Each structure stands twice: as C-alpha cells, then as structure tokens.
There are 2 protein chains.
Amino acid sequence: MSESNRPVPSVGMVGGGQLARMTHQAGIGLGVNFGVLANTATDSAALVVAATQLGDDRALPDLLAFAKSCDVVTFDHEHVPEPVLRALEEDGVVLRPSRSALRYAQDKLLMRARLTELGAPCPRWRAVATIEDVTEFAGGAGWPVVLKAASGGYDGKGVWVVDDADDASVVLRRAADSGVALLAEERVAFTRELAVQVARSPYGQVAVYPVVETVQRDGICHEVIAPAPGLDEERAGRAQELAIELAHALEVVGMLAVELFETTDGVVVNELAMRPHNSGHWTIDGACTSQFEQHLRAVLDLPLGSPRAVGRYTVMANLLGGTDPDVHGRYIHVMAKDPELKVHFYGKEVRPGRKIGHVTVVGDDHADLLARARDAAEYLKGDQQ
Amino acid sequence: MSESNRPVPSVGMVGGGQLARMTHQAGIGLGVNFGVLANTATDSAALVVAATQLGDDRALPDLLAFAKSCDVVTFDHEHVPEPVLRALEEDGVVLRPSRSALRYAQDKLLMRARLTELGAPCPRWRAVATIEDVTEFAGGAGWPVVLKAASGGYDGKGVWVVDDADDASVVLRRAADSGVALLAEERVAFTRELAVQVARSPYGQVAVYPVVETVQRDGICHEVIAPAPGLDEERAGRAQELAIELAHALEVVGMLAVELFETTDGVVVNELAMRPHNSGHWTIDGACTSQFEQHLRAVLDLPLGSPRAVGRYTVMANLLGGTDPDVHGRYIHVMAKDPELKVHFYGKEVRPGRKIGHVTVVGDDHADLLARARDAAEYLKGDQQ
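Residues numbered from 1 in each chain as written. Chains lettered and ligands numbered in written order. Predicted model: local features only at pLDDT ≥ 70, side-chain atom pairs only at ≥ 80, totals over all residues. Heavy atoms only, no water.

Caption draft 1: Quick look at the overall build of chain A. Scanning chain A from N- to C-terminus turns up 12 helices and 17 strands. Counting only C-alpha atoms and orienting by the principal axes, one finds that chain A spans roughly 70 × 55 × 45 Å. The burial tally for chain A puts 58% of its 385 residues in the buried class. Residue pairs at least 24 apart in sequence account for 61% of intrachain contacts in chain A once pairs closer than 6 positions are excluded. For chain A, the accessible area works out to roughly 15100 Å², and carbon and sulfur atoms hold 49% of it. (Helix = DSSP H or I, 4+ residues; strand = E, 2+ residues; numbered from the N terminus. Buried < 20%, exposed > 50% of the residue type's maximum accessible area, 1.4 Å probe, protein only. Contact = heavy atoms within 4.5 Å. Areas by Shrake-Rupley, 256 points an atom, 1.4 Å probe, with all protein chains shown as cover.)

So, in structure tokens, the structure goes:
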C-alpha cells in the first residue's frame with residue numbers, strides 16, 4: 001500500500017442485539033470493518049458478524065480489549081455505565097456518541113433538566129424522592145402521574161402510571177429499595193405519538209428523516225407509519241428542527257431518535273435515544289439511506305446520505321413472539337400472501353412478547369400498508385390460529 | 001421447541017466472492033442460517049460472514065465437510081468440477097442449482113446444443129477442433145469469428161475474436177495444448193447488449209425482473225441500466241418469456257441470468273449464469289426484492305418476492321481498481337458530491353481492472369443517472385486525477 005493509502009476504518013459496536021445485526025448489513029455495503037462486542041455467541045448480531053468478540057459488554061476490561069481493534073466505538077444500547085465510559089475516554093478510546101452526550105440518553109433526570117434549560121417542549125416534570133414530592137406535583141399536574149426511573153428501574157420496568165398517593169408510595173418504596181432515582185411527569189393528553197430521526201456527524205453535518213407516527217400498545221412500539229399521515233406540514237418542520245437543535249445542543253454523533261407526544265397544541269419530547277432506533281427501522285426498505293448506514297457514516301465522519309423516502313408511505317410492524325415458536329412454518333404463508341412484504345428476522349429464540357423481527361411495506365395507501373403489515377405480524381405471532 | 005417447530009433452514013454458498021458477500025446481507029434479513037466455503041480468510045465474503053468455513057471450494061473433501069452443516073448448497077461461481085458435483089449429489093447433498101442444470105452454465109458447447117434443441121435464438125455456432133472446422137464455419141458465418149473455450153480457458157481468457165485463419169490457428173494450438181475444447185460463434189452485429197434475471201424455485205414458481213441494458217467495454221460489464229431504455233415493450237416481454245422458458249427447460253433453481261445481444265431483428269442468447277449476476281446488482285437498491293434475497297428464497301423453495309423496480313430507472317456502475325489504491329480517500333468526496341448514490345464495496349484489495357465494488361443510483365432520468373454513476377466510478381478508480 002502507498003503511504004497515502006488511507007486504511008479502511010474500523011467501527012466497533014458495543015452490544016450484540018438486532019441493532020448491531022442490522023448495522024452490520026449496512027457496513028457490508030459501505031466496506032468498513034465492522035465488529036461487535038457481544039455477550040454470547042447466540043446474540044442476534046453474533047450469529048452473523050464475522051468480527052464478533054465475546055465479552056461482557058458493560059465491563060471495562062472487555063470494552064478496553066474490544067476497543068483496541070476499533071478506530072471508533074459506538075453502541076447498540078445505552079447500558080454501559082457512565083464510569084466505564086469515562087475510563088474508556090480517558091484511555092483514548094473514541095466513543096461516538098461521547099460519554100457527555102450519552103448521559104442524556106442514560107439519565108432521564110439529566111435529560112429533562114437539559115431539555116428544560118434549552119427551552120425544548122417537555123411535559124411538566126420534577127425529581128421525586130418522597131410521597132410529599134409526588135402529591136405536591138400532582139397538585140399542579142393532576143392525577144394520574146407518570147413515575148419514571150431516572151435510569152435502570154426494577155422488576156424489568158422503568159415507567160409506572162400511578163392513580164393516587166397509595167399507588168405512588170408502592171413505587172417510591174420499591175425504587176428506594178433498589179436504589180433507583182425517580183422523576184414524576186405529567187401524563188400528557190396526547191392525540192398520537194410521533195418520532196423524528198436525525199443523524200449528526202462530528203463535522204456538524206445533519207440529515208433529518210421525515211416525522212413518523214408510532215403506534216404503541218402496552219408500552220411497546222407495534223407499528224410505525226412514515227411519514228405520519230395528515231401531520232400539519234409546519235408542525236412536521238418544527239419537529240424536525242427541534243430534533244436538529246437537540247442533536248447540536250447535546251453534541252450527539254450518530255443517530256438521535258426523538259420520541260414525541262403530539263397534542264392539540266404541538267409536540268412535547270417524550271424520550272431520546274442516541275443510536276439506531278425501532279422507530280427508524282422503516283428506513284431500511286423505505287429510505288434512500290437507512291438509519292443504520294447513516295449511523296455508520298455519522299460516527300465515521302463520512303458525508304451523510306440522503307434521508308429521502310423512496311415511496312409515498314412506508315409502514316413497519318414489529319414481530320412479537322407468541323406462544324407457538326414455529327415462526328418458520330408461518331413465514332412461508334406470509335411470503336406467499338404478500339410478495340412485496342419485506343421480512344427482517346433477528347435470529348432470536350421466540351418468547352412471548354419478545355421482539356423477534358419486523359416487517360415493512362412501501363406504497364401509496366397508508367391504511368392498506370398498515371393493514372398488510374399488521375396482518376403479517378399477527379399471523380407470524382401465531383396466537384390467532 | 002415443540003415437535004411442530006420447523007428449524008430455521010441453513011444455506012451454504014460455495015465460494016467466498018462478492019456474490020456470497022451480498023447474499024449474506026440478504027440472508028441476515030431473511031433470518032436464515034447462511035454460511036460460506038471460502039478459500040482464504042480475506043475473501044470478500046469471509047470478511048463479513050460469521051459462519052465461514054475455510055477450504056478448497058473445488059475439492060470434494062472440503063465440499064463434503066462444508067455440506068454437512070447445510071440443508072441446501074448453492075454457488076457463488078460455476079467452477080466446481082462436474083465430477084465433484086456428481087459425487088456430492090451421490091452423497092445426498094442437495095445442490096441448487098443441481099449438477100444437471102449447472103452443466104449448461106459450465107460448458108458452452110452443452111449450452112449451445114441444448115439451446116438450439118429448445119429453439120432458443122442463438123448466434124450461428126459449431127464445435128471446432130481443427131483449422132478446417134473454423135474456415136468452413138467462417139465460410140458461412142463470415143470473418144471475424146468468435147472462438148470460445150467450452151469451459152475454463154487459458155491465460156485467464158476464454159473468448160477470442162479472430163480475423164482470419166492465421167489468428168484462429170494460434171488459438172487452436174494453444175487451446176489444444178491446454179486441453180481446452182473450443183466452439184466457434186458468429187460475431188453478432190448487435191445494436192446493444194441486454195440481460196434478463198429470472199428466479200425459479202423447486203416448486204416451479206418464477207419471478208422475472210425487467211430487461212436491462214448492459215454496457216460492456218473490453219469484455220467487462222461497466223454499467224447496467226434498468227430497465228433498458230427505449231426497449232420495445234413486446235420485445236422486452238419476449239425476452240422475459242425466453243428467460244422463463246429457459247429456467248424451466250434447464251430446471252434451474254435459484255437465479256438465472258440470460259445475457260442477450262439485441263439486433264435489428266430481435267435478441268439472441270449470448271451467455272447464461274445460474275447464480276446472482278453482475279447484471280442484477282442494481283436490484284439491491286432498485287427492486288423490491290434483490291436478486292440475492294430472491295436467490296435464497298428460490299434455493300430454499302420459499303415463495304418468491306416481488307421483482308418490481310422501486311424507481312423509474314436504476315443505473316449500476318462497476319467500480320474497477322486503478323493504479324492508486326487509496327479508494328477510501330476518494331470515497332468521501334463521492335459521498336459528499338452525491339448523497340443519493342449507494343456505494344457497495346467488496347472488501348477487496350485494489351488491483352488495476354479488478355471489480356472492487358459497484359455504485360447504484362435510482363431516479364427518473366436514465367441519462368442523468370448514468371452520468372452520475374459513471375462519474376463516481378471513474379473518480380473512485382482515481383486514474384483521471
């Protein structure tokens with residue numbers, strides 16, 4: 001190789017979940033060296049990524065060893081503890097997004113405080129430690145109140161909607177027992193939920209995707225319609241601008257997902273994620289540049305790709321596991337019924353309620369697309385048979 | 001797992017080139033187990049496929065060992081010798097396409113004989129062993145004559161255009177020395193070259209893609225325009241029907257690429273390939289179902305996906321290596337200039353003239369798309385700088 005020959009960059013993704021799996025698909029085309037640090041050999045990404053390292057994806061020694069083979073380290077999840085991230089940066093590891101950006105995706109109290117400081121629209125909120133804090137907050141915001149773990153949670157849960165002081169005290173007590181800090185948020189009277197994806201590179205280039213509608217049931221994202229049907233154009237533009245402003249203000253590098261509540265007055269920010277996000281899976285089949293390719297371009301400081309939608313509408317539905325694990329047997333019928341449907345499996349063992357894949361359809365009529373995507377997801381789940 | 005739970009099928013692809021690499025991308029979404037048998041760890045596919053086995057991809061013992069982990073074995077190339085294929089089938093290995101189909105892609109004499117039998121349009125041709133055979137053929141078909149190695153070739157070449165008997169005798173002598181059988185073909189006065197991709201499943205389902213124009217220079221495919229601009233609709237339909245008839249008649253399973261010459265009178269068949277093919281790379285970004293996904297669906301006897309083009313036109317240009325290997329340095333500028341351009345790198349070391357990747361653009365104006373794709377390919381090659 002000549003001296004001027006820049007080596008192909010190496011990106012390492014921490015975590016072996018489906019986001020890393022789908023990022024690998026994008027990395028193959030880009031021709032970058034892509035590796036993952038996975039906890040087990042049967043992790044979704046470990047099944048398909050040649051450069052998989054096994055290790056504890058939250059432990060400093062394993063992360064340090066993994067980082068040695070990477071020009072840039074990025075994340076499939078936000079669970080690496082802040083002190084570990086700090087130690088990695090002190091060791092010279094290039095984290096994208098950086099620790100100082102990631103903490104806003106890791107700690108909801110920090111996120112709310114910073115967003116409030118920036119004047120971003122938020123629900124009413126406050127940190128709560130005692131039942132008096134909660135009842136005082138409810139005095140202004142009204143019951144029910146949404147209690148959230150600032151980070152982590154307990155019993156696998158991090159959000160509780162409480163109707164009164166009795167309900168709240170149960171959550172407070174168990175949170176205190178688990179050492180979990182809580183915040184209270186107003187329950188927003190939203191008309192629907194929206195999300196915006198934006199990519200930002202270290203150079204400061206941004207690329208924003210169309211605003212999408214996300215359909216949640218039982219706290220799980222079931223469907224995404226891109227773009228959000230009937231969304232006022234000016235409101236959509238303002239939501240995109242908000243996402244761009246947040247990406248710059250929080251100095252995000254990579255993908256930022258901004259989950260929003262739409263109300264009669266406008267939008268308020270619900271959650272942030274600094275990585276490819278479920279609300280952006282539609283971009284694999286529905287956009288010129290997928291969120292996974294965009295994330296890689298951004299963390300490598302490559303020029304960003306066009307976020308243009310390739311069809312009028314794209315609908316994505318998550319595939320949740322049911323009680324019958326024979327997905328492959330049902331898969332054939334779904335393929336035969338709808339040759340335009342794109343199926344994405346994550347290589348995960350089927351467990352009831354677990355996200356095991358998603359399907360996408362692109363076309364002109366969002367109601368028809370939604371019906372087809374839902375039909376496929378329900379059939380694959382298998383419970384209605 | 002319940003007894004009714006069908007296991008996820010395993011497909012093994014023989015050969016670690018870019019076709020296997022891109023098939024892996026499609027296999028990740030389908031959620032099938034995909035492995036490759038590659039000659040070296042730096043083969044294009046071996047760099048990215050977790051389930052890579054290293055071995056000689058033309059040797060029976062290595063192929064038998066590889067086949068043990070596969071429900072179905074398919075191919076990245078047609079170089080596995082016929083006796084090896086026969087031994088694999090005798091051992092119970094499921095080859096798709098089968099040995100009896102593959103031989104028409106491996107041996108041009110067999111292919112021409114079978115196509116002639118089927119009444120498919122071919123250039124005039126005959127097997128030639130002596131200079132008398134060639135001059136007799138030229139007496140009817142005229143000079144120059146195209147001489148082709150029935151399989152393999154020598155000096156890395158398999159096609160020679162000879163102007164007279166002297167030229168022909170040089171080729172005949174060297175072919176005889178190398179033990180290579182030859183055929184003579186009429187040089188077709190074509191107006192342009194076309195190609196059709198069709199997938200066929202064991203069940204007999206077929207899916208045919210739009211007829212494309214392929215632009216060759218120095219015997220190398222440089223660009224593909226999908227669909228072929230200005231192609232008479234009836235002629236396009238007949239070319240698609242021809243591809244379907246050949247897929248059925250030759251009992252192809254998987255992708256079949258039919259390369260055609262277009263003449264003032266119609267089309268004649270130039271070459272066949274029974275695998276994903278360079279003339280179908282446009283389908284990754286330009287069709288609802290890529291040829292790679294379609295190949296996997298076909299060899300697994302899954303229902304085929306829609307071959308519908310997602311835009312009005314898609315143009316693909318191959319990236320050939322130049323003298324300066326710093327592709328990555330130039331890559332950034334290409335990305336910045338054209339955010340809609342999709343770049344696909346094969347992870348190959350740059351060598352002059354070697355196919356190291358391809359680019360694709362989708363849009364409405366094929367002349368504009370061709371200019372952009374060419375511009376990117378030439379800039380990435382680097383020689384004009």
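Caption draft 2: Up close: the packing of helix H1 (residues 18-30) of chain A against helix H1 (residues 18-30) of chain B. One way to put it is that H1 of chain A packs onto H1 of chain B with a least axis distance of 10 Å and a crossing angle of 160 degrees. The angle between the axes of H1 of chain A and H1 of chain B places the two elements in the roughly antiparallel class. Here the hand of the crossing between H1 of chain A and H1 of chain B comes out left-handed. Here Arg21, His24, Gln25, Ile28 and Gly29 of chain A of H1 of chain A come into contact with H1 of chain B, specifically with Arg21, His24, Gln25, Ile28 and Gly29 of chain B. (Axes fitted to C-alpha atoms, helices over the stretch in contact; angles between N-to-C directions. Parallel < 35°, antiparallel > 145°, perpendicular 65-115°, else oblique. Left-handed = near helix turned anticlockwise from the far one by under 90°.)

Caption draft 3: Spotlight on the UniProt feature "binding site: ATP" (unreviewed entry) in chain A. All names here are of chain A. Mapped onto this numbering, the UniProt entry annotates "binding site: ATP" (unreviewed entry) at Lys108, Lys148, Glu185, Glu186, Arg187, Val188, Glu193, Asn270 and Glu271. As for its placement among the helices and strands, Lys108 is situated in helix H5 (residues 108-117). If near-sequence neighbours (up to four positions away) are discounted, Lys108 is found in contact with Lys148, Ala149, Ala150, Leu183 and Glu271. Following the sequence through the fold, Asn270 ends up in strand E14 (residues 267-273). Setting aside chain neighbours within four positions, we find Asn270 in contact with Met111, Arg112, Lys148, Glu193, Glu259, Leu260 and Phe261. (UniProt positions renumbered as here; feature names shortened; annotations may be inferred.)

Caption draft 4: The sheet that holds strand E2 (residues 33-38) of chain B, seen in detail. Residues and elements named next belong to chain B. Taken in spatial order, the 4 strands make up an open sheet running E3-E2-E1-E4, and their pairing is parallel. Each edge of the open sheet carries a strand with a single partner, namely strand E3 (51-54) and strand E4 (72-75). Strand after strand, the sheet turns through a mean of 25 degrees between neighbouring axes, direction not considered. Pairing of strand E1 (residues 10-14) with E4 involves 4 bridges; the strand directions are parallel. If you follow Gly12 over to E4, its bridge partner there is Val73. Along the sheet face, H1 touches E1 and E2 and points at about 165 degrees away from the line of E2. (Pairing = 2+ DSSP bridges.)

Caption draft 5: Inspection of the interface of chain B and chain A at higher detail. Every contact between the two is made by 46 residues of chain B and, on the other side, 46 residues of chain A. For the chain B and chain A pair, buried surface summed over both sides reaches about 3800 Å², with 54% attributable to carbon and sulfur atoms. Considering only the surface of chain B that becomes buried against chain A, Ile28, His328 and Met335 of chain B emerge as the three largest contributors, covering 15% of it. For the pair chain B and chain A, the interface holds 4 salt bridges. Listing elements by their share of the side of chain B that touches chain A, those giving two or more residues are H1, helix H10 (291-299), helix H11 (327-337) and strand E16 (342-345) of chain B. (Buried area = accessible area lost by both parts, 1.4 Å probe. Salt bridge = Lys/Arg side-chain N within 4 Å of Asp/Glu carboxyl O.)

Caption draft 6: Structural view of the UniProt feature "domain: ATP-grasp" (unreviewed entry) in chain A. UniProt records the feature "domain: ATP-grasp" (unreviewed entry) at residues 112-300 of chain A, using the numbering of this structure. A distance of 29 Å separates the end C-alpha atoms of residues 112-300 of chain A, which is 32% helix and 31% strand.

Caption draft 7: Structural detail: the packing of aromatic side chains. Under the counting rule described, the total for this entry stands at 6 aromatic pairs over all chains. Where Phe190 of chain A meets Phe261 of chain A, the ring centres are 4.7 Å apart and the plane angle is 10 degrees; that geometry is what we call stacked. Note that Phe190 of chain A is positioned in the loop between strand E8 (182-186) and strand E9 (192-200) and Phe261 of chain A in strand E13 (residues 254-262), a separation of 71 residues in sequence. For Phe261 of chain A, a relative accessible area of 11% puts it in the buried group. Here the aromatic rings of Tyr331 of chain B and Phe345 of chain B are separated by 4.8 Å at their centres, their planes lie at 85 degrees, and the arrangement is edge-to-face. Here Tyr331 of chain B is found in helix H11, whereas its partner Phe345 of chain B is found in strand E16, with 14 residues between them in sequence. (Phe/Tyr/Trp six-rings, centres within 6.5 Å; stacked < 30°, edge-to-face > 60°.)

Caption draft 8: Broad picture of the packing of helix H4 (residues 99-106) of chain A against H5 of chain A. Residues and elements named next belong to chain A. Their axes nearest at 6 Å, the elements H4 and H5 cross at an angle of 105 degrees. Considering the angle they form, H4 stands roughly perpendicular to H5. Where H4 abuts H5, its residues Arg103, Tyr104 and Gln106 lie against Lys108, Leu110, Met111 and Arg114.

Caption draft 9: Molecular detail of the relation of the copies chain B and chain A. Here chain B sits on chain A after a turn of 180 degrees about the axis and a move of 0.0 Å along it, with an RMSD of 0.0 Å. The transformation just described matches what one would write down for a two-fold rotation axis. Residue Ala50 of chain B of chain B places its C-alpha closer to the rotation axis than any other residue of that unit, at 1.9 Å. (Least-squares fit on C-alpha atoms with pLDDT ≥ 70 in both.)

Caption draft 10: Focus on helix H2 (residues 60-67) of chain A. All names here are of chain A. The set of residues buried in H2 consists of Leu63, Phe66 and Ala67. Buried residues of H2, seen end-on, are gathered within an arc of 95 degrees and therefore sit on one face of the element. Along its buried surface, H2 packs onto strand E1 (10-14), strand E2 (33-38), strand E3 (51-54), strand E4 (72-75) and helix H3 (82-90). (Arc of directions from axis to C-beta.)

Caption draft 11: Geometry of the side chain of His24 of chain B. Position of His24 of chain B among the secondary structure elements: in helix H1. Filtering out sequence-adjacent residues up to four positions away, His24 of chain B remains in contact with His24, Ile28 and Val48 of chain A together with Phe34, Val48, Val49 and Ala50 of chain B.

Caption draft 12: Quick look at the domain arrangement of chain A. By the assigned domains, chain A splits into domain 1 (10-95), domain 2 (124-186) and domain 3 (192-381). For domain 2 of chain A versus domain 3 of chain A, the separation of C-alpha centres amounts to 29 Å. (Domains from an automatic or database assignment.)

Caption draft 13: Seen up close, the side chain of Ser279 of chain B. Residues and elements named next belong to chain B. Note on placement: Ser279 falls in the loop between strand E14 (267-273) and helix H9 (283-286). Exposure remark for Ser279: the relative accessible area of 1% places this residue in the buried category. Among the polar contacts made by the side chain of Ser279, one reaches the side chain of Gln197 at a distance of 2.6 Å. (Polar contact = N/O pair within 3.5 Å; in protein donor to acceptor, adjacent residues only side chain to side chain.)

Caption draft 14: Region of the structure containing unusual backbone geometry. Look at the link from Arg96 of chain B to Pro97 of chain B: it is a cis peptide, with omega at 0 degrees. When you line up the elements, Pro97 of chain B lands in the loop between helix H3 (82-90) and helix H4 (99-106). Despite not being glycine, Asp218 of chain A shows a phi value in the positive range, around 55 degrees. Of note, Asp218 of chain A is situated in the loop between strand E11 (212-217) and strand E12 (220-226). When its relative accessible area of 78% is taken as the criterion, Asp218 of chain A is described as exposed.

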